[in-house]
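One letter stands for each residue in the lines below.
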Protein chains: 2
Amino acid sequence: MSDFGTTVVGPDPLAPWRSPLGRALHRNRSQPHSRYVQLATLADGRPSNRTVVFRGFYDGSNTLMFVTDTRSAKVADLSPGAWGELCWYFTQTREQFRLAGAITLVTADTVHWGLIQARQHRWEALSAASRQSFYWPPPGDLRAEDTAFAIPAEAVAVSTPPPTFGLVLLQPDWVDHLELRGNPQTRTQYQRQSDGGWQVMAVNP
Amino acid sequence: MSDFGTTVVGPDPLAPWRSPLGRALHRNRSQPHSRYVQLATLADGRPSNRTVVFRGFYDGSNTLMFVTDTRSAKVADLSPGAWGELCWYFTQTREQFRLAGAITLVTADTVHWGLIQARQHRWEALSAASRQSFYWPPPGDLRAEDTAFAIPAEAVAVSTPPPTFGLVLLQPDWVDHLELRGNPQTRTQYQRQSDGGWQVMAVNP
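This one's a predicted model, so the numbers in the text were calculated from it and none came from an experiment. Along each chain, residues carry numbers from 1 onward, in the same order as the chain's sequence is written. Here every chain gets a letter starting at A, and every ligand a number starting at 1, in the order they are written. With pLDDT at 70 or above as the cut-off, local features in this predicted model cover only qualifying residues; side-chain atom pairs require 80 or more to be listed or tallied, and sums for whole chains, interfaces and linings still use all residues. Calculated side-chain values reflect all of the structure's heavy atoms, with hydrogen atoms and water omitted.

A. A look at the overall build of chain A. The numbering of helices and of strands both runs from the N terminus, where a helix is a DSSP run of H or I of at least 4 residues and a strand a run of E of at least 2. Looking only at helices and strands, chain A has 5 helices and 8 strands in total. When the elements of chain A are put in sequence order from the N terminus, they spell out α-β-β-β-α-β-β-α-α-α-β-β-β. Taking 2.2 N^0.38 as the reference for a compact globule, 205 residues should give roughly 17 Å; the C-alpha atoms of chain A span a radius of gyration of 18 Å, in line with that estimate. With the principal axes as the frame, chain A shows a C-alpha extent of 55 × 40 × 35 Å. By residue count, 53% of the 205 residues in chain A fall in the buried class. Residues count as neighbours in contact if any of their non-hydrogen atoms are within 4.5 Å of one another. Considering only contacts in chain A between residues 6 or more positions apart, those separated by 24 or more positions represent 63%. Of the accessible surface of chain A, which amounts to about 9300 Å², a share of 52% is contributed by carbon and sulfur atoms. Positive charges are assigned to Lys and Arg, negative charges to Asp and Glu, while His and the chain termini are left out of the count. For the purpose of locating charges, the reference atoms are NZ of Lys, CZ of Arg, CG of Asp and CD of Glu. Across chain A, 19 positive and 18 negative side-chain charges occur, with their mean positions spaced 8 Å apart. Note that the radius of gyration is over C-alpha atoms, with the globule rule given as 2.2 Å times the number of residues to the power 0.38. Under the scheme applied here, a residue whose accessible area is under 20% of the maximum for its type counts as buried, over 50% as exposed, and between as partly exposed, the area being computed with a 1.4 Å probe on protein chains only. Only the protein chains shown count as cover for residues, with accessible areas throughout obtained via the Shrake-Rupley method and a probe of 1.4 Å.

This is the structure in structure tokens:
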């Protein structure tokens, strides 16, 4: 389970995998797709997998943030206690991070003050083009007419996020970092301990 | 379930998603990572996600091939009847394919003649460097000494694949193709029918 059910999260000490992940983000920053990551969840007992955009860490914590349309199929997969695994491949430096952990979905109904603020701030940071999609016809439904996608600029220039706007948090419990460069490759695993600390292990690639 | 349990697969008619996927592979071919794809499976009831390398289609069929080390954690996830979902993002053309379907693991114990041949051919097609990893100490174990990774070239120049060499097949049942270029984006879903045909639907992005 995520910490968000019972306690206010953060500030946490920086987890030991944050430094290599931060370095990878920096070294691959010239490529916009370096912030694209694949999120696997469970849907009716089967794995489901899609690309999401990394939106930074939740205030002072090691928890990753993404945004989603609450009408999308993945939201049905994100009931309380849901688990997810991110697979993040950096094409320039040729390294992969896998991050597994509890998922929290933050919506207009969320009552946690810090999470309400985080959702608000992520909405404010979105471009007008990105905001538009939250006013489009429901994702995955039979294709609507083109006119249904013409959202006036004024409509999205609101400071309150629409109910379709969700924030997805993933709090890693286990991280696997594989660097393909080098022979043999370098692989490091990080396991969160019950006291909140991390065990770090060099393992075979 | 996969077809491989009971029948010999292929040649199949080309599925309607093969043409857009082939086009994406062609247009992104200058980037080696265009053949890297994220495979989600289930591990002890939780989603698991890692990058695999696309190795082509199984003889005359719409089934995708990957190779794996049979000692890796994902093999434990690939019991008969296992399901997987691939998420394939093409960075150059900015499009995503999600492909969900039954997974078949082909090992030294497999008795299906076509699959034995496919495994043999994939081994023959591997570079010496890629072959070496199948002789390394078990993936995920505590890091062994460097000398354990020094595999002589002669050792891997064998025509018979070692027992650690596995072939992973994924036979898509459902495909979702999202093209990010354009506003609104284009999204098409393909659903396999019980007669083996495909239903094609334009859906909202």
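B. Representation of the relation of the copies chain A and chain B within the structure. Superposing chain A onto chain B requires a rotation of 180 degrees together with a translation of 0.0 Å along the rotation axis, leaving an RMSD of 0.0 Å. In symmetry terms, the pair is related by a two-fold rotation axis. Of the interface residues in chain A, 100% have counterparts in chain B that sit at the interface too, so the contact is made through matching surfaces. The copies were overlaid with a least-squares fit restricted to C-alpha atoms from residues scoring a pLDDT of at least 70 in each copy.

C. Fine view of the pairing of strand β6 (residues 165-179) of chain A. Residue and element names in this part refer to chain A. In terms of residue burial, β6 counts as a mostly covered element, since 13 of its 15 residues are buried. For two strands to pair, DSSP has to find at least two bridges joining them. Here strand β3 (residues 64-69) pairs with β6 via 6 bridges, running antiparallel. Looking across to β6, one finds that Val 67 is bridged to Leu 167. Bridging between strand β5 (residues 95-106) and β6 involves 12 bridges; their strand directions are antiparallel. Looking across to β6, one finds that Glu 95 is bridged to Glu 179. Here β6 pairs with strand β7 (residues 186-192) via 6 bridges, running antiparallel. Residue pairing across strands places Glu 179 opposite Thr 186, the latter belonging to β7.

D. How the structure looks around the pairing of β3(A). The buried count for β3(A) comes to 6 of 6 residues, which makes it a mostly enclosed element. With burial as the criterion, each face of β3(A) is covered, one bearing Leu64(A), Phe66(A) and Thr68(A) and the other bearing Met65(A), Val67(A) and Asp69(A).

E. Just the interface of chain A and chain B, in detail. The partner chain B presents 46 residues to the 46 residues of chain A that form the contact. Here's the idea: put two parts together, see how much 1.4 Å probe accessible area each one loses, and the total over both is what we call buried area. A buried area of about 3900 Å², summed over both sides, lies between chain A and chain B, and 55% of it is on carbon and sulfur atoms. Any carboxyl oxygen of Asp or Glu within 4 Å of a side-chain nitrogen of Lys or Arg constitutes a salt bridge here. Between the two partners, chain A and chain B, sit 0 salt bridges. Polar contact is the term for a pair of N or O atoms within 3.5 Å; when the atoms are in protein, one must be able to donate a hydrogen and the other to accept it, and sequence-neighboring residues count only if both atoms are side-chain atoms. Where chain A meets chain B, there are 23 residue pairs in polar contact (both at pLDDT 80 or more). Breaking the side of chain A that touches chain B down by element, the ones donating at least two residues are β1 (36-43), β2 (46-53), β4 (83-90), β5, β7 and β8 (198-203) of chain A. The residue makeup of the side of chain A that touches chain B, split by class, is 22 nonpolar, 16 polar and 8 charged. Residues are grouped as follows: nonpolar covers Ala, Val, Leu, Ile, Met, Phe, Trp, Tyr, Cys and Pro; charged covers Asp, Glu, Lys and Arg; every other residue, Gly included, is treated as polar.

Nothing here speaks to function; it is all geometry.
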